[in-house]
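# Descriptive structure summary
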Amino acid sequence: VISPGIDSRVWAQRFPEKIVSELDIFADAFAARSRAVPLIAITGTVGKTTITHLTGALAQSVGKKVFIGGNIGVGMLDAVDDESVDLFVLEVSS
């Protein structure tokens, strides 16, 4: 399992079937959830953290139980099984 902060291109070329990321694991677990929940994944170069916080706060302001995390705060795998979450707002890296 690779970290977003480590350049894994050399290893991915050498062992393509063995390289997975936290996002790969999350996607598999998320697809297996018993309840479908919307997910917003925020990527980009500048402003990911700010937009992630603002998007989560906006959803919370209308009464949604929101998990805000990923590269900020709590890791996404810590909440994938939380059935009380109405919306996932994740900051993710490429």
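Above this text is the structure in question.
As the structure is a computational prediction, the values presented were derived from the model and not from experiment. (Residues numbered from 1 in each chain as written. Predicted model: local features only at pLDDT ≥ 70, side-chain atom pairs only at ≥ 80, totals over all residues. Heavy atoms only, no water.)

## Some thoughts on a nonpolar patch on the surface
On the surface, Val1, Val20, Ile25 and Leu77 cluster together into a nonpolar patch covering about 320 Å² of accessible area. One can find Val1 in the segment before helix H1 (9–14). (Patch = residues over 30% accessible without salt bridge, like charges linked within 9 Å, V, L, I, M, F, W, Y side chains within 5 Å. Areas by Shrake-Rupley, 256 points an atom, 1.4 Å probe, with all protein chains shown as cover. Salt bridge = Lys/Arg side-chain N within 4 Å of Asp/Glu carboxyl O. Helix = DSSP H or I, 4+ residues; strand = E, 2+ residues; numbered from the N terminus.)

## Thoughts on the packing of aromatic side chains
With the rule as written, the count across this model stands at four aromatic pairs. Ring geometry for Phe26 and Phe88: centres 5.8 Å apart, planes at 75 degrees, overall edge-to-face. With a gap of 62 residues between them, Phe26 in helix H2 (residues 22–31) and Phe88 in strand E3 (residues 87–91) connect regions that are remote in the sequence. Assigned by exposure class, Phe26 and Phe88 land together as buried. (Phe/Tyr/Trp six-rings, centres within 6.5 Å; stacked < 30°, edge-to-face > 60°. Buried < 20%, exposed > 50% of the residue type's maximum accessible area, 1.4 Å probe, protein only.)

## Some remarks on helix H3 (residues 48–61)
Compared with the 20 Å implied by 1.5 Å per residue over 14 residues, the 20 Å span of H3 between its first and last C-alpha is a close match. Those residues of H3 lying buried are Lys48, Thr52, Gly56 and Ala59. Buried residues along H3 cover an arc of 65 degrees about the axis, so they all sit on one side. Turned more than 90 degrees away from the buried face of H3 sit Leu54, Leu58 and Ser61, all of them exposed. On the buried face of H3, the contacting elements are strand E1 (39–42), strand E2 (66–70) and E3. (Expected span 1.5 Å × (residues − 1). Arc of directions from axis to C-beta. Contact = heavy atoms within 4.5 Å.)

## Quick look at the sheet that holds E3
Here we have three strands laid out as an open sheet, ordered E1-E3-E2, and parallel in their pairing. Of all the strands in the sheet, the pair left with one neighbour each is E1 and E2. Averaged over all pairs of adjacent strands, the angle between strand axes in this sheet comes to 15 degrees, irrespective of strand direction. As paired strands, E1 and E3 are joined by four bridges and run parallel to one another. (Pairing = 2+ DSSP bridges. Axes fitted to C-alpha atoms, helices over the stretch in contact; angles between N-to-C directions.)

## Overview of the pattern of salt bridges
Taken as a whole and assessed by the stated rule, the structure comprises three salt bridges. Residues Glu83 and Arg35 are paired through a salt bridge, measuring 4.0 Å at the closest nitrogen-oxygen approach. With Glu83 in the loop between E2 and E3 and Arg35 in the loop between H2 and E1, this residue pair connects regions lying 48 residues apart in the sequence. A residue is classified by how much of its surface remains accessible, and Glu83, at 35% relative accessible area, is partly exposed. Judged by its relative accessible area of 32%, Arg35 is partly exposed. What emerges from the salt-bridge pattern is a single network uniting Arg33, Arg35 and Glu83.

Worth remembering: the numbers are spatial, not functional.
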